[in-house]
Amino acid sequence: MKLKIVLLSSLFALGISACSSPVSKLVYRIDVPQGNYLDAATVDKLQKGMTQEQVQYLLGTPLLVDPFNTSNWVYVQRIQKGHEDPIEKKLIVHFNPQKTVESFDYSPELAQAEVKEVEKPQVAEEGKSWWQFWK
């Protein structure tokens, strides 16, 4: 009888502890992008003197407009990939009273992003058609 109780209690304890395993990466987590999509190529197009409409066309609707000072627009992008720590990129656009861009501040991740160059297509030699590449 004591053997059954010990066996049953150990099986119960093992079953409860299995739910809280230290290996938390066994469960799949999807990538969760939130906020505005910000990349270095788009931010490089942002210039002083642009109007609010031009900025909104370029970057989209801001995630946050300060209710007390509508001359500041905040764009935030937050990406969490699986079990990794979230990455947050932030861009703050400051407008002057004439509703044009006065300055903008961005997080260092945007400044370090690289823009890939587009490869140029190869030009076919004269006298050969595009389908005679093996000659």
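For the structure, check the block above.
Residues numbered from 1 in each chain as written. Predicted model: local features only at pLDDT ≥ 70, side-chain atom pairs only at ≥ 80, totals over all residues. Heavy atoms only, no water.

**Q** What is the right way to read the overall build of the protein chain from this model?
**A** Per the secondary structure count, the protein chain includes four helices and five strands. Along the protein chain, helices (α) and strands (β) appear in the sequence α-β-α-α-β-β-β-β-α when read from the amino end. Long-range contacts, defined here as pairs at least 24 residues apart, represent 42% of the contacts in the protein chain between residues at least 6 apart. Accessible surface computed for the protein chain: about 11500 Å², of which carbon and sulfur atoms make up 59%. (Helix = DSSP H or I, 4+ residues; strand = E, 2+ residues; numbered from the N terminus. Contact = heavy atoms within 4.5 Å. Areas by Shrake-Rupley, 256 points an atom, 1.4 Å probe, with all protein chains shown as cover.)

**Q** How should I be thinking about the nonpolar core in this particular structure?
**A** It is characteristic of soluble globular proteins that their nonpolar side chains tend to be buried jointly. The biggest cluster of nonpolar side chains holds 12 residues, and these are Leu38, Val43, Leu46, Met50, Val55, Leu59, Trp73, Tyr75, Leu91, Val93, Phe95 and Val101. Elements represented by at least two residues in this core include exactly α3 (52-59), β3 (72-80) and β4 (87-95). It is β4 that contributes the most residues to this core, three residues altogether. In contact with phenylalanine 95, other than residues within four places in its own chain, are Met50, Thr51, Gln52, Val55, Ser71, Trp73, Thr100, Val101 and Glu102. (Core = buried A, V, L, I, M, F, W, Y, C linked by side-chain atoms within 4.5 Å. Buried < 20%, exposed > 50% of the residue type's maximum accessible area, 1.4 Å probe, protein only.)

**Q** Just checking my understanding: could you explain a nonpolar patch on the surface for this structure?
**A** Together, Tyr28, Ile30 and Val32 line one region of the surface with nonpolar side chains, adding up to about 360 Å² of accessible area. Take isoleucine 30: it is sitting in the loop between α1 (2-18) and β1 (32-35). (Patch = residues over 30% accessible without salt bridge, like charges linked within 9 Å, V, L, I, M, F, W, Y side chains within 5 Å. Salt bridge = Lys/Arg side-chain N within 4 Å of Asp/Glu carboxyl O.)

**Q** I'm lost on the packing of aromatic side chains in this one. Help?
**A** Aromatic ring pairs are reported here in terms of the distance separating the ring centres and the angle at which the planes meet. All told, the structure shown has two aromatic pairs when counted by the stated rule. Ring plane angle 70 degrees and centroid distance 4.8 Å describe the contact between tryptophan 73 and phenylalanine 95, whose orientation is recorded as edge-to-face. Placement of the pair is tryptophan 73 in strand β3 and phenylalanine 95 in strand β4, with a sequence separation of 22 residues. Judged on exposure class, the residue tryptophan 73 and its partner phenylalanine 95 are both buried. (Phe/Tyr/Trp six-rings, centres within 6.5 Å; stacked < 30°, edge-to-face > 60°.)

**Q** I would appreciate a short explanation of the side chain of asparagine 36 in the present structure.
**A** Locating asparagine 36 in the fold gives a position in the loop between β1 and α2 (40-44). Discounting residues that sit within four places of it in the chain, asparagine 36 has contacts with Leu59, Thr61, Pro62, Leu63, Tyr75, Val76 and Gln77.

**Q** What is the right way to read α3 from this model?
**A** Note: α-helices contain 3.6 residues per turn, so residues at a spacing of three or four share the same orientation. All buried positions along α3 are accounted for by Gln52, Val55 and Leu59. For α3, the angular spread of buried residues about the axis comes to 60 degrees, placing them on one side. Residues Glu53 and Tyr57 are exposed on α3 and point more than 90 degrees away from its buried face. Just downstream of α3, glycine 60 is the residue with a positive phi angle, here 95 degrees. (Arc of directions from axis to C-beta.)

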